[in-house]
Structures are given as C-alpha cells and as structure tokens.
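# Inside the fold
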Amino acid sequence: MSEVTSTVVIGAGHAGLAASHFLTERSIDHVVVERGEVANSWRRERWESLRLLTPNWLSRLPGHAYSGADPDGYMSATEVGDFIADFAVGSQAPVRTGVTVTSVRRTEAGYDVATDQGAIRAGSVVLATGACNRPSVPGLAAGLPASVEQVTAFDYRSPDRLAEGGVLVVGASATGVQLASEIRRSGRPVTLSVGEHTRMPRTYQGRDVLWWMEESGIWGQRYDEVDDLVRARRLPSPQLVGTPERATLDLNALTDLGVDLVGRWSALRDGTALFSGGLRNVFALADLKQQRLLDGFDAWAADGATGERPEPTRAPATSRLQLDLTSGEIGTVVWATGYRPDYSWLDVPVVDGKGQLRHDGGVVDSPGLYALGLPVLRRRKSTFIHGIEDDAREVVDHLAGWLGRS
Ligand SMILES: Cc1cc2nc3c(=O)[nH]c(=O)nc-3n(C[C@H](O)[C@H](O)[C@H](O)COP(=O)(O)OP(=O)(O)OC[C@H]3O[C@@H](n4cnc5c(N)ncnc54)[C@H](O)[C@@H]3O)c2cc1C
C-alpha cells in the first residue's frame, strides 16, 4: 500500500523548504523528500573556500533572516548550510532525509512518486531539486589527452588537490573567475578561457552592487515583463566574489594576478585546444553591458550623482589562439562551463530536447506539477536565496487552487 498525502515536495534545499513553509501556512499536508541531508548541495557540492556572492543582509527566507554581527559579509558554504538547516527546524518542515525519488508518474488522481524507500501518492508535486544538479561540460571534453586531468566545479575542492602543472580554467562567470583567482594565488600558472560574461563591480557609489540590483527593482522584474525570457534564463552569472575587502573580481584583476586570458574554446584538434579570436569584442560587449547597468542605477537614483566607472577590460597585447595539451604545460582542465538540472527520474513528458522543464512561472505543463528554484522562474532573482519567498508563495497559491484548498 502506498502512503497518501496531498503534496510531495522533492528536495530540501532552500526552495523545497520555502514551499513547505507556505504549504504548512495553508494547512496542506505534505512531505519533503531529500536524497541527502537538508541543504545537501551546500554541504556536498561546493568547493572549500566558497563564499556566497550575495551579502548576508540579503540572505533571507520566509520568516527567517540573517541575524549575525556582519550584515555586509558573505557566508561560507557551511554557514549557508546551517542557515538553511535552522530555517527547516524553525518552520518544522516535514523532511525525510536519505530518501531518493526514483520516478514520478502521472495518474488519474495526481502523481505516483516512487522512492528508494517506498511509494507515495499525491495530488500534487513540487519539483525543488535544483537548477544545478550536474556540471554542464562541452562535448570536446571527451577528446582531451588522457594525460590531462579534468575537474568540474562539482569535483573541485582546493588548488592543492589538483594534478601538478598549469591549469586551464574554462568559463569566466562567477565560478570560473573565483576558481582562476584561487588557483593562481596558490602559485600555479593559470590560463582562463573567456566567452560571453557579465561584469559587475563589487561596489558602486559605496554600496554593494547587489543592493542596487535589489533596490532599483531589476532583480524583482517579473518573468512576464522580461523582453527576451529565453535569453534572460541563460544569462551568465555575474563575475562577483564575496571577500572581506569587498574586492572586485573582474578580468583586469585576474590579469593583474598573472592569469593568462584566451578566447572561447572552440575546437580540439590532435590534442591542441583552439580558442576563438576577437577577445577585444567580447570584452567590449561586457564593458558596454556593465556601463548600461550602472547608467540604469544612476537613472533610478535620480539624484544626479554618478559613481566612478570601472576601467574598461584591458585586452592582452596578444592572446594565444591555441594550446598544445599534450606538451605537459597543462596538468588540469577545470570546467566552469555552467550547471544543468537533472530530471532523469521524471517520467512525465515535460522536459524539452535541451533538458529544460516546460513551465509557465513554475506551473509545469502537467496539472498539479510545480517547480521552484529555476532561472527567472517568476522573477530575475528566482534562483537566489532571497528570491524564493515571493515565488514559493505564488506557486503554492496556484497549487492550493489546484487542490481546491484556496
Ligand atoms: C556554485 C554556486 C554558488 C551560488 N552562490 C549563490 C549566492 O551567492 N547567493 C545566492 O543567493 N545563490 C547562490 N547560488 C544559487 C542557489 O542559491 C543555489 O543553487 C541553491 O543551492 C539552490 O537551491 P535549491 O533549493 O533550488 O536547490 P538545491 O540546493 O540544489 O536543492 C535541491 C535538493 O534536491 C535534492 N534532490 C535532487 N534530486 C533528488 C531526488 N531525485 N530525490 C530526492 N532529492 C533530490 C538534492 O539533494 C538537493 O538537496 C549558487 C549556486 C551555485 C551552484
């Protein structure tokens, strides 16, 4: 006999727990199933030195906010794990840890959720399994010489655990610039392959740039107001790092550290990596977008003040167009090329050819099925910790209507 409940929430990261908070508020019986422990991704899938790029004062969940002594600081992964675990305890979320969902099937009455510890039948299901379950690695990784070690952001822990020799970091979004900086500071030669990226100064006019993103309303922009939603959902994460000095970590900072910048990795031929030319154009585009962002902040503030503008990205006099990976110069390739969700266990036909869930603001293309925590799900800030509250409330509102409990 299967267990029966109104709603199964899959995943006990901050998104699943926020859904649970609003389900409890509406007295909707539910369980939260989690294959690992609460906040598993922060406990098991992050590198050792990681700090949030969002400041502590922004870390808030429904009824639960940062209350420590350093509101302008940035939490370590362990601190984020503790913050989320405290939220789970405070909201008395009915979490079952160590339970892996192996399939979700649609039935006439709702959904059958199969787990490695038995089946659960429910009228509705919330997918809160995360947007970053797997590293997204390009196909050319398969052809790399065996002498080069390959590491993704999931396996990477610290520079001293890398193989001897130089390191090629691929990808210059938040993960790539943070890892390139840390590995270079450890004394290794580092080459960074740079494609499209999003520049942001850490502070602007004395305030954290994310204060501007939040207060100016950019982050709160709704998914149905965004001009090009497909593009917005694919935007690279900003080049930001959380440090006590509130330092900017852009490509100029990496050049100053001695990181060698090359273009986007476009092909692999006979063990040689080939990089695109045109770095100057890539830099110019990122500089222009940053300029527009800061102009937008000034226009919003409407006080006539203009902050100091960051120096344009300095292009190297010459950048290498190829790198022989069989020469021994590079010991490790670090793939910082993004993340993707994993729905291999979802037996409902709602995933498109690119592995993305078909949904409208978290209302999935199958009645009674919902999602949370995906890029620009209902707002630009949907994947960020502080972005979940409004999304979860609205998705649970819809879910309650579906169950006839509104
Ligand atoms: C490197 C990195 C840095 C980030 N930095 C910041 C930051 O500075 N500030 C910020 O606000 N956000 C940041 N984010 C974004 C976001 O906050 C995190 O991705 C966060 O973990 C997302 O929370 P979530 O609850 O949506 O998913 P997750 O935390 O991934 O939780 C999903 C849960 O579902 C579980 N699960 C998955 N599949 C199954 C299954 N089949 N059965 C049972 N359980 C399952 C997983 O074990 C996991 O615990 C960062 C993300 C990454 C990857």
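The model shown is predicted, which means the values in this text are computed figures rather than measured ones.

The rules behind these values
Residues numbered from 1 in each chain as written. Predicted model: local features only at pLDDT ≥ 70, side-chain atom pairs only at ≥ 80, totals over all residues. Heavy atoms only, no water. 1 Å grid on protein atoms, 1.4 Å probe; cavity = no way out; pocket = protein on both sides within 12 Å on 5 of 7 lines; lining within 4 Å. Points joined across faces, edges and corners; volume = space filled by probe spheres on them. Helix = DSSP H or I, 4+ residues; strand = E, 2+ residues; numbered from the N terminus. Domains from an automatic or database assignment. Near = heavy atom within 4 Å. Polar contact = N/O pair within 3.5 Å; in protein donor to acceptor, adjacent residues only side chain to side chain. Areas by Shrake-Rupley, 256 points an atom, 1.4 Å probe, with all protein chains shown as cover. Phe/Tyr/Trp six-rings, centres within 6.5 Å; stacked < 30°, edge-to-face > 60°. Buried < 20%, exposed > 50% of the residue type's maximum accessible area, 1.4 Å probe, protein only. Lys NZ or Arg CZ within 6 Å of the ring centre and 35° of its normal.

### Details of the layout of surface pockets
Approximately 320 Å³ is the volume attributed to the second largest pocket. Ser181, Arg185, Val241, Thr243 and Leu249 are the residues nearest the centre of the second largest pocket, which is lined by 17 residues in total. Elements supplying a minimum of two residues to the lining of the second largest pocket: helix H4 (174-185) and helix H7 (251-257). Domain assignment of the residues forming the lining of the second largest pocket places at least three in each of domain 1 (3-133 + 341-402) and domain 2 (136-335).

### Focus: the site of the ligand
The full set close to the ligand counts 30 residues, and Glu34, Ser41, Leu53, Thr54 and Ile385 are the nearest of them. Glutamate 34 has a polar side-chain atom sitting 2.6 Å from an oxygen atom of the ligand. A distance of 3.4 Å separates an oxygen atom of the ligand from a polar atom in the side chain of tryptophan 42. Burial of the ligand by the protein amounts to 93% of the accessible area it has alone, namely 980 Å². Those elements that provide at least two residues to the shell around the ligand are helix H1 (14-25), strand S2 (30-34) and helix H2 (40-44).

### Focus: the packing of aromatic side chains
Summed over all chains, the structure comprises 11 aromatic pairs. Relative to phenylalanine 297, the ring of tyrosine 204 has its centre 6.2 Å away and its plane inclined at 45°; by these criteria the two rings are tilted. Placement of tyrosine 204 in strand S13 (residues 203-204) and of phenylalanine 297 in helix H8 (residues 279-301) is noted, with a sequence separation of 93 residues between them. Residue tyrosine 204 shares its accessibility class with phenylalanine 297, and that shared class is buried. Ring geometry for tryptophan 211 versus tryptophan 212: centroids 5.1 Å apart, planes at 85°, classification edge-to-face. The pair tryptophan 211 / tryptophan 212 is uniform in exposure class, with both members buried. Taken together, Tyr204, Trp211, Trp212, Phe297 and Trp300 form an aromatic cluster joined through their ring pairs. Its guanidinium or amino end placed over the ring of tryptophan 42, arginine 46 lies 4.1 Å from that ring's centre, counting from NZ or CZ. Directly above the aromatic system of tryptophan 211 lies the positively charged group of arginine 207, at a separation of 4.0 Å from the ring centroid.

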